[in-house]
Amino acid sequence: MKDIYYAEKKLTKALGKMAKNATSPKLKEAFMVHQSQTEDQVAQVEKAFSLLGFPAKAKKCAAMDGLLEEADEHISEYSKGAGLDAALIVGAQKVEHYEIAAYGSMRSFARTLGYEDVAKIFDQIREQESDTDVLLTDLAESVINPKAEAEMEDVEESAKSGSSRSKRGGEDSEAGEDSSSSYSGRGGGKSSGNGDDDIAVSSLTDGNDREGDSETGEAMGY
Ligand SMILES: [Fe+2]
Ligand SMILES: [Fe+2]
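Residues numbered from 1 in each chain as written. Chains lettered and ligands numbered in written order. Predicted model: local features only at pLDDT ≥ 70, side-chain atom pairs only at ≥ 80, totals over all residues.

Asker: Got a minute to help me understand the overall build of the protein in this structure?
Answerer: When helices and strands are counted, the protein shows six helices and zero strands. Taking all 222 residues of the protein together, 37% fall into the buried category. The long-range share in the protein, meaning contacts at least 24 apart out of those at least 6 apart in sequence, stands at 79%. (Helix = DSSP H or I, 4+ residues; strand = E, 2+ residues; numbered from the N terminus. Buried ≥ 20, exposed ≤ 12 C-beta atoms within 10 Å, placed from the backbone. Contact = placed C-beta atoms within 7 Å.)

Asker: How should I be thinking about the environment of Ala71 in this particular structure?
Answerer: If you trace the backbone, Ala71 turns up in helix α3 (residues 62–77). Judged by local crowding, Ala71 falls into the buried class, with 24 C-beta atoms found within 10 Å. Between the alpha carbons of Ala71 and Val95 there is a distance of 9.7 Å; along the sequence they are 24 residues apart. Look past the residues within four positions of Ala71 in its chain and what remains in contact with it is Ala14, Met18, Leu88 and Gly91.

Asker: What is the right way to read the environment of Leu136 from this model?
Answerer: Looking at the secondary structure, you find Leu136 in helix α5 (residues 116–159). For the pair formed by Leu136 and Ala86, sequence separation is 50 residues and the distance between their alpha carbons is 9.8 Å. If we ignore the near neighbours within four places in the chain, the residues touching Leu136 are Ala30, Ile89, Ala92, Gln93 and Glu96.

Asker: Explain the packing of helix α1 (residues 2–21) against helix α4 (residues 82–112) here, please?
Answerer: Helix-helix packing is characterised by the crossing angle of the two axes and by the distance between the axes. Packing of α1 against α4 brings their axes to within 12 Å, and their N-to-C directions diverge by 160°. Taken together, the axis directions place α1 and α4 in an arrangement best described as roughly antiparallel. As for the relative orientation of α1 and α4, their crossing is left-handed in sense. Here Ile4, Leu11, Met18 and Asn21 of α1 come into contact with α4, specifically with Leu84, Leu88, Ala92, Val95, Ala102 and Met106. The residue makeup of the contact of α1 with α4, split by class, is nine nonpolar, one polar and no charged. (Axes fitted to C-alpha atoms, helices over the stretch in contact; angles between N-to-C directions. Parallel < 35°, antiparallel > 145°, perpendicular 65-115°, else oblique. Left-handed = near helix turned anticlockwise from the far one by under 90°. Nonpolar A, V, L, I, M, F, W, Y, C, P; charged D, E, K, R; others polar.)

Asker: How should α3 be read in this particular structure?
Answerer: In an α-helix, one full turn covers 3.6 residues, which means residues spaced three or four apart are oriented alike. The end-to-end C-alpha distance of α3 is 22 Å, a good match for the 22 Å that 16 residues give at a rise of 1.5 Å each. Here α3 has its buried residues at Met64, Leu67, Leu68 and Ala71. With its buried residues spanning 90° around the axis, α3 presents them on a single face. α3 presents Ala62, Glu73, Ser76 and Glu77 as exposed residues on the side facing more than 90 degrees away from its buried surface. (Expected span 1.5 Å × (residues − 1). Arc of directions from axis to C-beta.)

Asker: Even after reading the chapter, I still don't get the confidence of the model for the protein, so can you show me in this structure?
Answerer: Detailed reading of the predicted model is not advised wherever pLDDT is low. Residues with a pLDDT of 70 or more make up 65% of the protein, whose mean pLDDT is 78. No element of the protein has a lower mean pLDDT than helix α6 (residues 203–216), which averages 37, and none a higher one than helix α2 (residues 25–52), which averages 97. Per-residue pLDDT stays below 50 along residues 163–221; that stretch engages in 92 contacts with residues further than four places along the chain or on separate chains. (pLDDT = per-residue confidence, 0-100.)

Asker: Before we go on, may I ask you to explain α1 in this structure?
Answerer: In this model, α1 (20 residues) spans 29 Å end to end at C-alpha, consistent with the 28 Å of a helix rising 1.5 Å per residue. At Leu11, α1 shows its maximal bend, which comes to roughly 30°. (Bend = angle between axes of the 7 residues up to and from the residue.)

Asker: Can you walk me through the nonpolar core in this structure?
Answerer: Side chains of a nonpolar character, in soluble globular proteins, are inclined to be buried together. Counting residues in hydrophobic clusters, the biggest one holds 45 residues, and the most contacted among them are Met18, Phe31, Leu88, Phe122 and Leu139. Looking at this core, the elements that each hand over two or more residues are α1, α2, α3, α4 and α5. Take this core: its biggest share by element is eleven residues, from α4. Not counting residues up to four positions away in its chain, the partners in contact with Phe31 are Leu15, Met18, Ala19 and Ala22. (Core = buried A, V, L, I, M, F, W, Y, C linked by C-beta atoms within 7 Å.)

Listed below in structure tokens is the structure:
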């Protein structure tokens, strides 16, 4: 629990950076919504600590540090655009899978030990992570890759006439149909999805950083 508590708190900042560096409005919105959900998850993990009668404390999670370091490398290596969006999706899905595994185990342990209320919290969070993973897959298949494909086709079309813009049909523009806009999340997520404004991390996260940092040292620039 200390491990995932550290991971979630760090993620609230990392997701803001991912949102800032995403080009696709839908991907940007997905990161912002999940950032809001993650802030709520921090509170839910704190509730689990409380139910078990322990103070909420964070302990360095080397796995999450590594995953976020990779995501940070992608941001440094790529210019903004469909390529970086694809890389951000890969990085974010690795994070989600880590979380799904962690919460799945924690749920099972809590249930086995008879803490059904705690198990329910972990199961709800695990489901939220899973939904996010599915959404990212959907964005990869319906928005990001077709956009990259469309960009290549535009180059080809400039050399020869024709109109074979999208083989998959429909997703020729990020500003078009909003198939993912119905994704509002369960934690009352934000969904502004526009602009590159800095994203305010909640006072909840700010208030808890000291504890995590004191045990973990320097964060990776998030
Ligand atoms: Fe999470
Ligand atoms: Fe997550």
